[in-house]
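The residues making up each chain are set out below.
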Amino acid sequence: MYIKPGTMLGLLGGGQLGRMFTVAAQQMGYRVTVLDPAAESPAGSIAEHHLQADYLDDDALDELGSTCAAVTIEFENVPAQALRYLARRCIVSPDAESVSIVQNRIREKLFLAENGFPVGPFAVIHDGQNLPWVDVSLFPGILKSSQSGYDGKGQIRIEHADILPEAFTALGNKPCVLEKRLSLTREISVVLARDNLDQVTFFPVPENRHKQGILDMSIIPATLSDGVIEKAREIARQIAIRLNYAGILCVEFFVLDDDQILVNEIAPRPHNSGHYSLNACVTSQFEQQVRILCGLPHGSTRLVQEAAVMTNILGDLWKNGEPDWNRILCHPQTKLHLYGKRAAKPGRKMGHFTVLANTVEEALQQTARIRQDLQF
Ligand code: ADP
Ligand code: MG
């Protein structure tokens, strides 16, 4: 049995990932209700229905649970309790258990380490009493708040052990993970879809380049040996199996200089590094999310062209007013996506563009020309 087009689907969160899910769902004939506390949001403004309420509002959850056949999420900081509550009324995927693990860096790291997945050296800091006992070999390190960090937020780089207490206070004296700062040769990510019958499909693996902790570009396909890509995919698949996961899952990896790979973090949803799939694959990560949620077959994730480069457009680009989009759109093999956010703030993700080409070199060159033109 699958969920038929025309049915209402529920979405927790109204950001850009939710907007792209909503477009994919509507394209396939579904209707969408978005639950998001903000009056205005990228997904809320295009969905059939927007419930403006807190994620733990019983009335809103009751309405969602009674009007939607299935509910999914677009960001991981949804209270797991809301998912547990909804699961009594309708299909919820991914489930509360998976989300509660990956939304908390301490639980996520311990889950990975205890199940034998490769992670870099780290220490868990529950409170100030742990600080004097932190292993000095973790410095220089990065202190990461255990809850609700994203785009490099809630993180502080630490050179020496003596500034650890100061950094811990700056992050609010809340539970943290301290990671050793690693020398990375590359970063890659595996986006996969897994259904209840353990069928798994993978998207092509991108190489991801970050600036100030925020994803800047994804380059597809990553030019790494097939062995490394296969190893990363197998680890991601085993993580999904361990979590008994249904839906779209992203696993971010660090690649070290000897081709050793370590898991950085897990996202229980489509991922920024998979946005290229909207234009470069037969099926996008968002359409796949709809298909899995509705119990439909997986679509092909094959690339429609050999190479693609996705570049994020941040609010910084608005410093002299609205950018001239002709500078992107004059390239006919380049696709522009804007998320409909009213206020452009530095570091805020406002949109992205994807260059399609026959080779990675060509896609990178075209991207560089556009960036030079727009001066970023
Ligand atoms: P976020 O939740 O903000 O994506 P991440 O933990 O993925 O946080 O960190 C963002 C980026 O910062 C990573 O993609 C990587 O470029 C860099 N980074 C994070 N942790 C480390 C580390 N231990 N060593 C080196 N670089 C790191
Ligand atoms: Mg990350």
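No experiment lies behind these values; they were computed from the predicted model shown. (Residues numbered from 1 in each chain as written. Chains lettered and ligands numbered in written order. Predicted model: local features only at pLDDT ≥ 70, side-chain atom pairs only at ≥ 80, totals over all residues. Heavy atoms only, no water.)

A. Highlighting the overall build of the chain. In terms of regular secondary structure, the chain is built from eleven helices and 18 strands. Computed over C-alpha atoms, the radius of gyration of the chain comes to 20 Å, within 12% of the 21 Å expected from 2.2 N^0.38 for 376 residues, which places it in the range of a compact globule. Seen through its principal axes, the chain has C-alpha atoms that stretch 60 × 50 × 45 Å. Burial analysis of the chain (376 residues in total) assigns 56% to the buried set. Of the contacts made within the chain by residues no fewer than 6 positions apart, 61% connect residues no fewer than 24 positions apart. (Helix = DSSP H or I, 4+ residues; strand = E, 2+ residues; numbered from the N terminus. Rg over C-alpha atoms; globule rule 2.2 N^0.38 Å. Buried < 20%, exposed > 50% of the residue type's maximum accessible area, 1.4 Å probe, protein only. Contact = heavy atoms within 4.5 Å.)

B. Here's a closer look at the pairing of strand β7 (residues 141-145). Among the five residues of β7, five are classified as buried, and the element is accordingly described as predominantly covered. Covered by surrounding structure in β7 are Gly141, Leu143 and Ser145 together with Ile142 and Lys144, the residues of both alternating faces. In the sheet, β7 pairs with strand β8 (residues 155-158) via four bridges, with the strands oriented antiparallel. Paired with Gly141 across the bridge in β8 is Ile158. (Pairing = 2+ DSSP bridges.)

C. Fine view of the sheet that holds β7. Reading across the sheet, the four strands line up as β6-β9-β7-β8 and stay open at both edges, with antiparallel pairing between neighbours. The open sheet has two edge strands with one neighbour each: β6 (122-125) and β8. Along the sheet, successive strands turn relative to each other by an average axial angle of 20 degrees, direction set aside. Two strands pair when backbone bridges link them, and β7 and strand β9 (residues 176-180) are joined in this way by five bridges, in the antiparallel orientation. Within β9, the residue paired with Ser145 across the bridge is Cys176. (Axes fitted to C-alpha atoms, helices over the stretch in contact; angles between N-to-C directions.)

D. Inspection of the environment of Ser145 at higher detail. Tracing the backbone shows Ser145 in strand β7. Along the primary structure Ser145 and Gly172 are separated by 27 residues, whereas in three dimensions their C-alpha atoms are 8.7 Å apart. Those residues within four positions of Ser145 in sequence are excluded, and the remaining contacts are Arg105, Gly154, Leu171, Pro175 and Cys176. In this structure the side chain of Ser145 is engaged in a polar contact, spanning 3.3 Å, whose partner is the backbone oxygen of Gln147. (Polar contact = N/O pair within 3.5 Å; in protein donor to acceptor, adjacent residues only side chain to side chain.)

E. A look at helix α7 (residues 226-242). Between its first and last C-alpha, α7 extends 24 Å over 17 residues, near the 24 Å set by a 1.5 Å rise per residue. For α7, the full list of buried residues reads Val228, Ile229, Ala232, Arg233, Ile235, Ala236, Ile239 and Ala240. Taken around the axis of α7, the buried residues stretch over an arc of 160 degrees, which confines them to a single face. Turned more than 90 degrees off the buried face of α7, the exposed positions are Asp226 and Arg242. Next to the buried residues of α7 lie α5 (105-114), β10 (186-194), β11 (200-202), β14 (247-255) and β15 (261-267). Of the residues trailing α7, Asn244 is marked for its positive phi of about 55 degrees. (Expected span 1.5 Å × (residues − 1). Arc of directions from axis to C-beta.)

F. Geometry of the domain arrangement of the chain. Parsing the chain into structural domains produces domain 1 (8-92), domain 2 (121-180) and domain 3 (184-374). Distance between the C-alpha centres of domain 1 and domain 3: 23 Å. Facing 19 residues of domain 1, the contacting portion of domain 3 comprises 21 residues. When residues of domain 1 are sorted by the area they lose upon contact with domain 3, Gln16, Leu17 and Met20 head the list and together hold 30% of the total. Applying the counting criterion to the domain 1 and domain 3 interface returns two salt bridges. For Glu76, the salt bridge identified is with Arg269, shortest N-O distance 2.6 Å. Between the two partners, domain 1 and domain 3, sit five residue pairs in polar contact (both at pLDDT 80 or more). Broken down by secondary-structure element, the contributors of at least two residues to the side of domain 1 that touches domain 3 are α1 (16-27) and β4 (70-73). Ranked by the residues each element gives to the side of domain 1 that touches domain 3, the list is headed by α1, at seven residues. Its residues assigned to classes, the side of domain 1 that touches domain 3 shows 13 nonpolar, two polar and four charged. (Domains from an automatic or database assignment. Buried area = accessible area lost by both parts, 1.4 Å probe. Salt bridge = Lys/Arg side-chain N within 4 Å of Asp/Glu carboxyl O. Nonpolar A, V, L, I, M, F, W, Y, C, P; charged D, E, K, R; others polar.)

G. Up close: the coordination of the magnesium ion (ligand 2). Note on the magnesium ion (ligand 2): its protein donors are Glu252 (OE), Glu252 (OE) and Glu265 (OE). The metal-donor distances range over 1.9 to 2.6 Å. With Glu252 in strand β14 and Glu265 in strand β15, the pair connects residues that are 13 residues apart, well separated along the chain. Glu252 gets classed as buried once you look at its relative accessible area, which sits at 12%. (Donors = N, O, S within 2.8 Å, 3.2 Å for Na, K, Ca; no water.)

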